[in-house]
Amino acid sequence: MAGNESAKTLGAVGQPHLVGLRHSEQELAVDWSDGRQSRFAAIWLLDNRPDGRHGPLGQRLFDIAELPEEPRIASATLTDNGDVAVTLAPANAALTYAAAWLRDHALDPASRAERRHPPQLWDKSLAQHLPTASYRDVATSERALAGWLADVRDYGFSLLTDVPTEPGTVLQVISLFGYVRETNYGKLFDVVSVEQPANLAFTGLALGNHTDNPYRDPVPQLQLLHCLSQASEGGESVVVDGFNAAERLRRESREDFELLTRHAVPFRYVEDGDGGRQVDLQAKSPLIELDSEGALYAVRYNNRSAAPLDLPEDWVIPYYRAYRRFGRLLHDPQATAGFRLTPGDLFIVDNRRVLHGRRGFGSGRRHLQGAYADKDSLLSRLRALEARP
């Protein structure tokens, strides 16, 4: 890059620090002590000016439309304490950026990757070392709570043991990190066999691997199920990493993978609700949803709630081919981790990633209480806990 250059060696011992600085009118280039290089456009620097927010982490004080069309870097130098002093034209704004802040927000590929939390993909081997924590620990220790929440973030699944078997305790578990997502089922719901059920979950039949409530928009992001009593035989729970299956499909059949990301599937659930008010929930979403950079964002799969496909005629046969291939991967025994809940056990799944199911049961009464929550509150709580010294 043509332009002015400056070099110093400043920064805390053991931490990457700024060792070189160059700039043109359009962007600032920084060299770090670990060999990494980062570039910051003039418009980005002006948009993120240190005095442009209500407090360091507060909300922006101006609108993006108020920025000049083509801001320029008039000068950029290292201060004695290792920060970066920049003058931006045409307003001649003299701004100072902390080197540590620039590193934390750098846009080079390595820095951006450091800010991501890629999912830890898993298969049936997870059953040998299920991510597990004790309720007594997470309810009394912030360190233990952070560890449990991190497992949910990374694996999309975790167990909690020693949970009191008092009805409604699942709501207390949610209060450790967030808020209940109330639905037509109420704040919590009972999963127990009943006569003439409207939902197959309320029978003793096996339930295929599925994500919950894909007929809602937005779909509940977290599901918690708390075991109050267990059948004497059968009723084992199973979980499957939908992201692992989706990545396998991407590797083995890119065409099928892209079909499932490109076309939406309709889902529907109808029942007679309380007071004669009929429930008719409908939503359309892709079975595999990607983020803006092509990484997996969500998986939906619920054969019981799938409505007739609504696709262009020429895509129906190819789509069914892809749909069936994905369904087989999601039920592959090599992908399925099974475990048996005992009274006092609770498990949580990321409902946009991990499918859960149940093997059938006969004698005995199996009673779970469930509730939904949203993942944003869990991640917020985890960030706050991880930021503490």
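Let me sum up the structure you'll find in this document. (Residues numbered from 1 in each chain as written. Predicted model: local features only at pLDDT ≥ 70, side-chain atom pairs only at ≥ 80, totals over all residues. Heavy atoms only, no water.)

Before going further, it helps to examine the pairing of strand β12 (residues 222–229). Of all eight residues that make up β12, eight are buried, and the element is covered over most of its length. In this sheet, strand β21 (residues 367–373) lies alongside β12 in antiparallel orientation, the contact comprising seven bridges. Bridge pairing in β21 links histidine 226 to glutamine 369. (Buried < 20%, exposed > 50% of the residue type's maximum accessible area, 1.4 Å probe, protein only. Helix = DSSP H or I, 4+ residues; strand = E, 2+ residues; numbered from the N terminus. Pairing = 2+ DSSP bridges.)

On to unusual backbone geometry. The step from alanine 89 to proline 90 runs through a cis peptide bond, and the omega angle for that step is 10°. Within the secondary structure, proline 90 is located in the loop between β6 (84–89) and β7 (93–97). The residue after aspartate 217, namely proline 218, is reached through a cis peptide bond having omega 5°. Topologically, proline 218 is positioned in the loop between β11 (207–210) and β12. One non-glycine residue with positive phi stands out, namely asparagine 92, at about 55°. As for its placement among the helices and strands, asparagine 92 is situated in the loop between β6 and β7. With a phi angle near 60°, aspartate 162 is a residue other than glycine that sits in the positive phi range. Tracing the sequence through the fold places aspartate 162 in the loop between β9 (157–161) and α6 (169–175).

As summarised here, the arrangement of the three strands in space is β5-β6-β7, forming an open sheet in which the pairing is antiparallel. Two strands lie at the open edges of the sheet, namely β5 (72–78) and β7, each paired on one side alone. Ignoring strand direction, the axes of neighbouring strands in this sheet form an average angle of 20°. As paired strands, β5 and β6 are joined by six bridges and run antiparallel to one another. Across the sheet, residue arginine 72 finds its bridge partner in β6, namely alanine 89. (Axes fitted to C-alpha atoms, helices over the stretch in contact; angles between N-to-C directions.)

Quick look at the pattern of salt bridges now. This model, assessed by the stated rule, comprises 25 salt bridges. Here glutamate 252 makes a salt bridge to arginine 248, at a shortest N to O gap of 2.9 Å. Remark: arginine 248 and glutamate 252 occur in helix α7 (residues 242–252); sequence separation between them is four residues, near one turn of the helix. Given a relative accessible area of 28%, arginine 248 falls into the partly exposed group. Of the charged contacts, one joins glutamate 258 and arginine 254 as a salt bridge, the two residues approaching to 3.2 Å between their closest N and O atoms. With glutamate 258 and arginine 254 both in helix α8 (residues 254–262) and four residues apart, this pair spans about one turn of that helix. Through salt bridges with shared partners, one network takes in Glu255, Asp256, Arg321 and Arg325. (Salt bridge = Lys/Arg side-chain N within 4 Å of Asp/Glu carboxyl O.)

Contact pair α7 / helix α9 (residues 316–330): the axes reach a minimum separation of 9 Å and the direction vectors enclose 130°. The pairing of α7 with α9 is recorded here as oblique in orientation. The chirality of how α7 crosses α9 is right-handed. From α7, Gly242, Ala245, Ala246, Arg248, Leu249 and Glu252 reach across to α9, where they touch Arg325, Phe326, Leu329 and Leu330. Its residues placed into classes, the contact of α7 with α9 shows six nonpolar, one polar and three charged. (Parallel < 35°, antiparallel > 145°, perpendicular 65-115°, else oblique. Left-handed = near helix turned anticlockwise from the far one by under 90°. Contact = heavy atoms within 4.5 Å. Nonpolar A, V, L, I, M, F, W, Y, C, P; charged D, E, K, R; others polar.)

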